Amino acid sequence: MLVGVGRIVLDFYNNDSVAKKRRNMEDLCHDLRKKFNISALEIADFDDLERCVLGFAIVIPENWKSISAQSLVEKVCQTIDETAFARVMVEDWDLLNHGKE
C-alpha cells in the first residue's frame with residue numbers, strides 16, 4: 001500500500017485566541033476528512049496563537065499508479081491552501097510505500 005503524508009504550517013497572523021485557533025483547525029480538519037476521507041489533525045504548537053501545524057495521512061491502494069497517488073496528495077495540499085483560514089507557510093509531503101516487497 002501507499003501512504004500519503006503531509007505536514008502543513010499555517011501562519012494565523014494577529015490571532016489572539018486559542019479557542020478561535022482550535023475551532024478553525026477543527027473545522028478545517030473536518031472539511032478535509034469529509035472531502036478526501038483522510039486522517040487530519042493539529043499536531044504541534046498547540047499554544048502558539050499565530051502558528052498552526054496540521055498533519056494528514058491518506059492510505060492509497062497498491063494498484064494506484066504513483067502519479068495518481070502524488071496527484072491526490074497534491075490536491076489535498078492545494079485544497080488546504082485555497083480553503084484554510086490562515087496563510088500556508090510550509091508544505092511538506094511525501095509518499096511512503098509500505099508492505100510491498
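Before reading on, note that the structure itself is shown above.
Everything numeric here is computed off the predicted structure, so don't read it as measured data.

Quick notes on the rules
- Residues numbered from 1 in each chain as written.
- Predicted model: local features only at pLDDT ≥ 70, side-chain atom pairs only at ≥ 80, totals over all residues.
- Heavy atoms only, no water.
- Helix = DSSP H or I, 4+ residues; strand = E, 2+ residues; numbered from the N terminus.
- Buried < 20%, exposed > 50% of the residue type's maximum accessible area, 1.4 Å probe, protein only.
- Contact = heavy atoms within 4.5 Å.
- Axes fitted to C-alpha atoms, helices over the stretch in contact; angles between N-to-C directions.
- Left-handed = near helix turned anticlockwise from the far one by under 90°.
- Nonpolar A, V, L, I, M, F, W, Y, C, P; charged D, E, K, R; others polar.
- Pairing = 2+ DSSP bridges.

J.: Even after reading the chapter, I still don't get the environment of Ser 71, so can you show me in this structure?
T.: When you line up the elements, Ser 71 lands in helix 2 (residues 66-83). Ser 71 sits in the partly exposed class, given a relative accessible area of 43%. For Ser 71 and Val 5, which are 66 residues apart along the polypeptide, the C-alpha to C-alpha distance reads 13 Å.

J.: In this structure, what is going on with the environment of Phe 46? I would like to understand it.
T.: Structurally, Phe 46 is set in the loop between strand 2 (39-44) and strand 3 (51-60). Distance from Phe 46 to Arg 22, taken between C-alpha atoms, is 8.2 Å for residues 24 residues apart in sequence. Not counting residues within four places of it along the chain, the set of residues in contact with Phe 46 comprises Val 18, Lys 21 and Arg 22.

J.: I would appreciate a short explanation of the packing of helix 1 (residues 18-36) against helix 2 in the present structure.
T.: Angle between the axes and distance between the axes: these two values describe a pair of packed helices. Two numbers describe how helix 1 lies on helix 2: the axes approach to 11 Å, and their chain directions differ by 140°. Note that helix 1 runs across helix 2; the crossing there is right-handed. In contact with Leu 28, Leu 32, Lys 35 and Phe 36 of helix 1, helix 2 contributes Leu 72, Lys 75, Val 76, Thr 79, Ile 80 and Thr 83. Looking at the contact of helix 1 with helix 2 residue by residue, the class counts come to six nonpolar, two polar and two charged.

J.: I'm lost on the sheet that holds strand 1 (residues 2-11) in this one. Help?
T.: Strand pairing in a sheet relies on backbone hydrogen bonds. The paired strands run either parallel or antiparallel. Judged by pairing direction, the sheet is antiparallel, and its four strands sit side by side in the order 2-3-1-4 without closing on themselves. Since the sheet does not close on itself, it has two edges, and those belong to strand 2 and strand 4 (87-97), each with one partner. In this sheet, adjacent strand axes meet at a mean angle of 20° when their direction is disregarded. Summarising the sheet, strand 1 and strand 3 pair through ten bridges and their orientation is antiparallel. When the bridges of strand 3 are listed, Leu 10 appears paired with Cys 52.

Such coordinate-based values are descriptive only and should not be taken to indicate function.
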